[in-house]
Amino acid sequence: MGVLDQNRIKDIKTEIACFQEQILNHNLYQKLDSLENIRCFSESHVFAVWDFMSVVKNLQRNLSCVEKTWRPSSYRDSRRFINEIVLDEESDIYSDGRSMSHFEFYYEAMHDVGASTKEIDILLSTLKSGADIQRILDYPKIGIHKRAFMKDTFAVIDSNKLHQIAAHFTFARESLIPSMFTEILDKFSDDQSCSKLIEYFKRHIEVDDGVHKEHAYKMLHEICQNDDKKWSQVKEVAINSLKSRLLLWNSIEQEIV
């Protein structure tokens with residue numbers, strides 16, 4: 001996937017290290033030791049699982065071609081990478097042999113632990129009726145901290161700037177999630193009804209390995225090249241996106257407490 005500009009990536013990783021550290025050492029994980037707390041966690045976290053798909057699909061739309069009449073995109077390396085990500089995220093194969101998206105599997109896992117899907121169902125049914133996502137993000141029947149997190153995500157998506165969407169994906173999702181989910185599993189309840197949620201987290205750790213992270217860095221290089229302005233905006237988006245995750249984690253911890 002081309003040559004990676006290590007200095008650019010190293011600079012950003014240094015700038016965001018303190019925010020990633022706060023997320024990975026968050027007190028929230030200590031609270032995931034009971035079924036009741038896990039339910040509370042999943043009822044908020046499911047919105048991050050859902051909006052990640054919008055990030056991924058927007059990257060696919062910009063890096064490859066999903067138009068009626070196909071044409072080759074200029075991102076030869078990155079389009080392969082993002083199509084591989086979409087295949088896993090939207091049509092993964094689980095231990096029971098069924099194919100489904102990671103979101104759908106998480107949704108099923110919520111039912112297994114007795115978590116409420118009322119709020120995420122409101123989002124899905126309102127979207128199905130044709131409502132614009134911006135209208136839904138102001139809908140008071142969905143918790144304010146969940147809407148705030150999604151607003152931050154869609155602010156990046158709606159910028160229509162490919163390097164900013166890629167920055168959010170790379171530094172606030174792809175390079176963070178494996179370590180974050182490992183922290184979650186270390187503290188997770190071993191209740192049998194949590195087996196599907198545990199499989200979800202383990203599958204993400206398995207899929208989002210070091211190879212994916214390195215490919216995400218190279219994707220950024222292919223998009224930004226030597227454009228200093230773009231790299232500066234990549235850093236800004238990375239920091240803001242991590243702050244958004246931290247605020248979500250703070251809010252969920254407060255709900256549990």
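Note: the structure precedes this text.
Cut-off values and rules
Within each chain, residues carry numbers counting from 1 in the order of the written sequence. Since the coordinates come from a predicted model, pLDDT governs what is reported: local features require at least 70, and pairs of side-chain atoms require 80 or more to be given and counted, while whole-chain, interface and lining totals use all residues. Based on all heavy atoms of the structure, the side-chain values leave hydrogens and waters out of the count. Only DSSP runs of H or I reaching four residues or more are called helices, and only runs of E reaching two or more are called strands; each is numbered from the N terminus. To estimate the expected span of a helix, count its residues, drop one, and scale the result by 1.5 Å. Think of it in three bands: with a 1.4 Å probe and only protein chains considered, a residue is buried below 20% of the maximum accessible area for its type, exposed above 50%, and partly exposed in between. Contacts are assigned to residue pairs that have any heavy atoms within 4.5 Å of one another. Any carboxyl oxygen of Asp or Glu that lies within 4 Å of a side-chain nitrogen of Lys or Arg is treated as forming a salt bridge with it. Only C-alpha atoms enter the line fits that serve as axes; for helices the fit covers just the stretch in contact. Angles between N-to-C directions range over 0 to 180 degrees. Here the word oblique covers every angle except those under 35 degrees (roughly parallel), over 145 (roughly antiparallel) and from 65 to 115 (roughly perpendicular). In this scheme the handedness of a crossing depends on how the near helix is turned from the far one: anticlockwise by less than a right angle means left-handed, clockwise means right-handed. Residue polarity is assigned by list, with Asp, Glu, Lys and Arg as charged and Ala, Val, Leu, Ile, Met, Phe, Trp, Tyr, Cys and Pro as nonpolar; anything else, Gly included, falls into the polar class. A pair of aromatic rings is counted whenever rings of Phe, Tyr or Trp (Trp by its six-membered ring) have centres within 6.5 Å, and the orientation is called stacked for planes under 30 degrees apart, edge-to-face for over 60 and tilted otherwise. Any Lys NZ or Arg CZ found within 6 Å of a ring centre and within 35 degrees of that ring's normal is scored as a charge over the ring.

1. As for helix α7 (residues 144-157)
Every α-helix carries 3.6 residues per turn, so stepping three or four residues along brings you back to the same face.
Reasoning step 1: Between its first and last C-alpha, α7 extends 20 Å over 14 residues, near the 20 Å set by a 1.5 Å rise per residue.
Reasoning step 2: Residues of α7 that are buried: H145, K146, R147, F149, M150, T153, F154, V156 and I157.
Reasoning step 3: Against the buried residues of α7 lie α2 (35-63), α5 (118-128), α6 (133-136), α8 (162-174) and α12 (228-256).

2. A closer look at the pattern of salt bridges
Reasoning step 1: In the structure shown here, the tally under the stated rule is 15 salt bridges.
Reasoning step 2: Between R203 and D92 there is a salt bridge, and its shortest N-O distance comes to 2.7 Å. Of this pair, R203 sits in helix α10 (residues 195-207) while D92 sits in strand β1 (residues 92-93), and the two are 111 residues apart along the sequence. Per residue, the accessibility class of R203 equals that of D92, and both read buried.
Reasoning step 3: In this structure, E119 engages K146 in a salt bridge whose closest nitrogen and oxygen atoms are separated by 2.3 Å. Note that E119 is positioned in helix α5 and K146 in helix α7, a separation of 27 residues in sequence.
Reasoning step 4: Given the relative accessible area of 4%, K146 is considered buried.

3. Quick notes on the packing of α2 against α10
Reasoning step 1: Relative to each other, α2 and α10 sit at 40°, their axes nearing to 13 Å. In terms of orientation, α2 lies oblique with respect to α10. Seen from above, α2 lies across α10 with left-handed handedness. In this structure, α2 contributes I38, F41, H45 and V49 to the contact, and α10 contributes L197, Y200 and F201.
Reasoning step 2: Here the residues of the contact of α2 with α10 are counted per class, giving six nonpolar, one polar and no charged.

4. Considering the packing of aromatic side chains
Reasoning step 1: Applying the stated criterion across every chain, the model contains 13 aromatic pairs.
Reasoning step 2: Every member of this aromatic cluster is reached through a ring pair, and the members are Y106, F181, F188, Y200 and F201.
Reasoning step 3: Above the plane of the ring of W249 lies R245, whose end atom (NZ or CZ) is 5.0 Å from the centre.

By themselves, these figures tell us nothing about what the structure is for.
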